[in-house]
Amino acid sequence: MQKITIEKIIYYYKGSLPALGTTFAYVIISMIIGTLIGSLIYRLKNSKYRIFRLIASLYVTVVRCTPSLVMLFLVFYGLPVLAGGEVGAWMEELPTLVFVCITFSIFIGASSSEVIRAALSAVPKGQAEAGLSVGMSNAQSFVHILLPQMLRNAMPNIGNTVILLIKEGALAYTIGLRDVMGQAYYLSGREMNAYAVSMYIALTLIYWPLTIILERLFAYIEHALTPWERKNRHKNNDDDSMRKRVVYAD
Amino acid sequence: MQIDYEFIRRALPDIARYIPVTLKLVVVSFLISFPIGALFAWINYKKVKGLSQVVKAYMSLIRGTPVVLQIYVIYNVTPYILASIFEKMGSEINVYRLDTTWYAYLALSLSSTVTIAEALRAGLETVNKGQFEAGLSVGLSAKQALWHIVFPQALTTAMPVIGNVTVELTKATSLAFIMAVTEITGRAKIIGGSVLRYFEAYICVFILYILIIAVLEQLLKLLERKISVYRTGKHNYMSVKAI
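Definitions and limits used
- Residues numbered from 1 in each chain as written.
- Chains lettered and ligands numbered in written order.
- Predicted model: local features only at pLDDT ≥ 70, side-chain atom pairs only at ≥ 80, totals over all residues.
- Helix = DSSP H or I, 4+ residues; strand = E, 2+ residues; numbered from the N terminus.
- Rg over C-alpha atoms; globule rule 2.2 N^0.38 Å.
- Buried ≥ 20, exposed ≤ 12 C-beta atoms within 10 Å, placed from the backbone.
- Contact = placed C-beta atoms within 7 Å.
- Nonpolar A, V, L, I, M, F, W, Y, C, P; charged D, E, K, R; others polar.
- Expected span 1.5 Å × (residues − 1).
- Bend = angle between axes of the 7 residues up to and from the residue.
- Core = buried A, V, L, I, M, F, W, Y, C linked by C-beta atoms within 7 Å.
- pLDDT = per-residue confidence, 0-100.
- Axes fitted to C-alpha atoms, helices over the stretch in contact; angles between N-to-C directions.
- Parallel < 35°, antiparallel > 145°, perpendicular 65-115°, else oblique.
- Left-handed = near helix turned anticlockwise from the far one by under 90°.

### Let's talk about the overall build of chain A
Phase 1: Looking only at helices and strands, chain A features 11 helices and 0 strands.
Phase 2: Taking 18 Å as the expected radius of gyration for a compact globule of 250 residues, we find that chain A reaches 23 Å, considerably beyond that expectation.
Phase 3: Per-residue burial for chain A yields a buried fraction of 32% across its 250 residues.
Phase 4: Long-range contacts, defined as pairs at least 24 residues apart, comprise 74% of the intrachain contacts of chain A with a sequence gap of at least 6.

### Details of the interface of chain A and chain B
Phase 1: Counting residues at the interface gives 26 residues for chain A and 29 residues for chain B.
Phase 2: For the side of chain A that touches chain B, the secondary structure elements donating two or more residues are α4 (68-83) and α10 (196-225) of chain A.
Phase 3: Broken down by element, the side of chain A that touches chain B gets its largest block of residues, 9 residues, from α10(A).
Phase 4: For the side of chain A that touches chain B, the residue count by class is 20 nonpolar, 5 polar and 1 charged.

### Describing helix α4 (residues 67-89) of chain B
Three- or four-residue spacings in an α-helix give side chains the same orientation, since the helix completes a turn every 3.6 residues.
Phase 1: Helix length check: α4(B) (23 residues) gives 32 Å between terminal C-alpha atoms against 33 Å at 1.5 Å per residue, within 8%.
Phase 2: Roughly 35° is the biggest bend found in α4(B), and it falls at B:Val77, with proline B:Pro79 one to four residues downstream.
Phase 3: Burial in α4(B) covers these residues: B:Val67, B:Val68, B:Leu69, B:Gln70, B:Ile71, B:Tyr72 and B:Ile74.
Phase 4: Residues of α4(B) that are buried sit in contact with α9 (180-190) and α10 of chain A together with α3 (51-64), α5 (101-126) and α7 (142-172) of chain B.
Phase 5: One or two residues past the end of α4(B) sits B:Gly90, with phi positive at roughly 75°.

### Notes on the nonpolar core
Phase 1: Core analysis: the biggest nonpolar cluster contains 103 residues, and A:Leu203, B:Tyr202 and B:Val205 have the highest contact counts within it.
Phase 2: Looking at this core, the element that brings in the most residues is α5(B), giving 12 residues.

### With respect to the environment of B:Pro66
Phase 1: Along the chain, B:Pro66 turns up in the loop between α3 and α4.
Phase 2: Separated by 105 residues in the primary sequence, B:Pro66 and B:Lys171 have C-alpha atoms spaced 14 Å apart.

### Focus: the confidence of the model for chain A
Phase 1: Looking at chain A, pLDDT values average 85 and 90% of them are 70 or higher.
Phase 2: Here residues 236-250 of chain A is modelled with pLDDT under 50, and outside its nearest four sequence neighbours on either side it reaches 0 contacts, counting other chains as well.

### Some words on the packing of α10(A) against α3(B)
Phase 1: Look at α10(A) against α3(B): their axes get within 8 Å of each other, and the N-to-C directions meet at 100°. The orientation of α10(A) with respect to α3(B), classified from their angle, is roughly perpendicular. Residues A:Tyr207, A:Trp208, A:Thr211 and A:Ile212 of α10(A) form the contact with α3(B), whose own contacting residues are B:Ser60, B:Leu61, B:Arg63 and B:Gly64.
Phase 2: Looking at the contact of α10(A) with α3(B) residue by residue, the class counts come to 4 nonpolar, 3 polar and 1 charged.

### Structural notes on the packing of helix α7 (residues 125-133) of chain A against helix α8 (residues 138-168) of chain A
All names here are of chain A.
Phase 1: Between α7 and α8, the least distance of the axes is 9 Å, while the angle of their chain directions is 150°. When the interaxial angle is binned, α7 and α8 end up roughly antiparallel. Remark: the crossing between α7 and α8 carries right-handed chirality. Contacts between α7 and α8 involve Gln-127, Ala-128, Gly-131 and Leu-132 from the first element and Gln-140, Ser-141, His-144, Ile-145, Leu-146 and Gln-149 from the second.
Phase 2: The class makeup of the residues in the contact of α7 with α8 is 4 nonpolar, 6 polar and no charged.

### Here we look at the confidence of the model for chain B
For residues with low pLDDT, the predicted coordinates do not support detailed interpretation.
All names here are of chain B.
Phase 1: When pLDDT is averaged across chain B, the result is 86; 95% of the residues are at 70 or more.
Phase 2: Per-element confidence in chain B is highest for helix α2 (residues 19-46), whose mean pLDDT is 93, and lowest for helix α10 (residues 234-242), whose mean pLDDT is 47.
Phase 3: Confidence drops under pLDDT 50 across residues 235-243; counting only partners more than four residues distant or on other chains, this segment forms 1 contact.
Phase 4: In the predicted assembly, ipTM is 0.82 and pTM is 0.83.

### Remarks on unusual backbone geometry
All names here are of chain B.
Phase 1: Of note in this structure, Ala-180 is not a glycine but carries a positive phi near 65°.
Phase 2: In this fold, Ala-180 is placed in the loop between α7 and α8 (184-194).
Phase 3: Accessibility expressed as a C-beta count within 10 Å gives 13 for Ala-180, which makes it partly exposed.
Phase 4: A positive phi angle, close to 55°, is found at Leu-196, a residue other than glycine.
Phase 5: With respect to the element layout, Leu-196 can be found in the loop between α8 and α9 (198-227).

And the structure:
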């Protein structure tokens, strides 16, 4: 068994932690682009024309059936080939981060179309009409009235997606991205993987707390965005305790 | 570089020969994770003292770390542990010659265990307490009531999630090549690497995964319909679905 030393764990921890920047970079970029793709897919799904609806559902099915590793390889090796010629040659020079962002944008595009549908359907219809009735334009009523409510409804899903992305992104080291996992592997490779177990412990100590913190953070945001639910919850609790007290008094 | 269609045509059957390996990975990992997941669900549902905390910590750990990391830990650390155990027992088995597929089963079942446990616990909580008591009242033992009455009903609620787990598991088998298991992704990597035609090789894998999962989803749909017989108030369910 390899020796596990505290020094080595700290070494890998300190060495890989700065790479969190890369992780957050692709998470944020692919969340934004993915949501844009997702809204497009949502529009296509509700299109009048059958062909657009077909394209949208085909996209979602195909993406859902593809393992992220395979998609990562397809994008990384395939895009330059598909583009061909000078564009392809230019693409091969691009940093790996770009390919990772494209891959995860494709994935989020598929899942977020569903999230958008659910978030939008949870907002009462009258809300948009109320916006129009006070003289807002369509766009204004969307941005000022619908969007904030949709964002709040989608918060749990957004949190899940971010956490999933951080974990899935660890796969990107296979195409050479230096995120937390890739950086740790690079550092460990320099020492012929002699302290691999220490590296695993260090990685666990990075990823585990990170997901717990993010889970809490998103739960907190959701809590903060729904003050009336909070009130109701307290009221319900009070009701419950009241009822209990009455029962006990009996 | 141009896309080599001839290569795709030749590689597709070659890679398709490894579909059974992928399917075996899915089935065995599922068979490992389902009973353990059910056990964990039961422990969490009953809030068994001590055990439930351990299970919760385990679930949080598995949910909080990337699957690749879990695979590496299982693949690189378990042999050492097993070797030292066997050494102490004085056994002659050489763990380093064990088929790596076993590590793949273990590593892949870790995360599906957690999801199944969570789904079944939620399922158990939706089953009315009276169901269990009704079982006892007609003379079943606690074990029988649990097995024949409560569990099938919990399964109906958990079924969609379990279907998702199976699909996720199928997709996760693509990671098994890290553990030197040659399934379809691993095979594609090998033949793609031999002539530097990665893109074409992965196109084949892409097609195969879509086919496998399309078939799997149909099967799961059938199974779900079969299991929904156990749902309480099936008529209610049907009318809700109709709306």
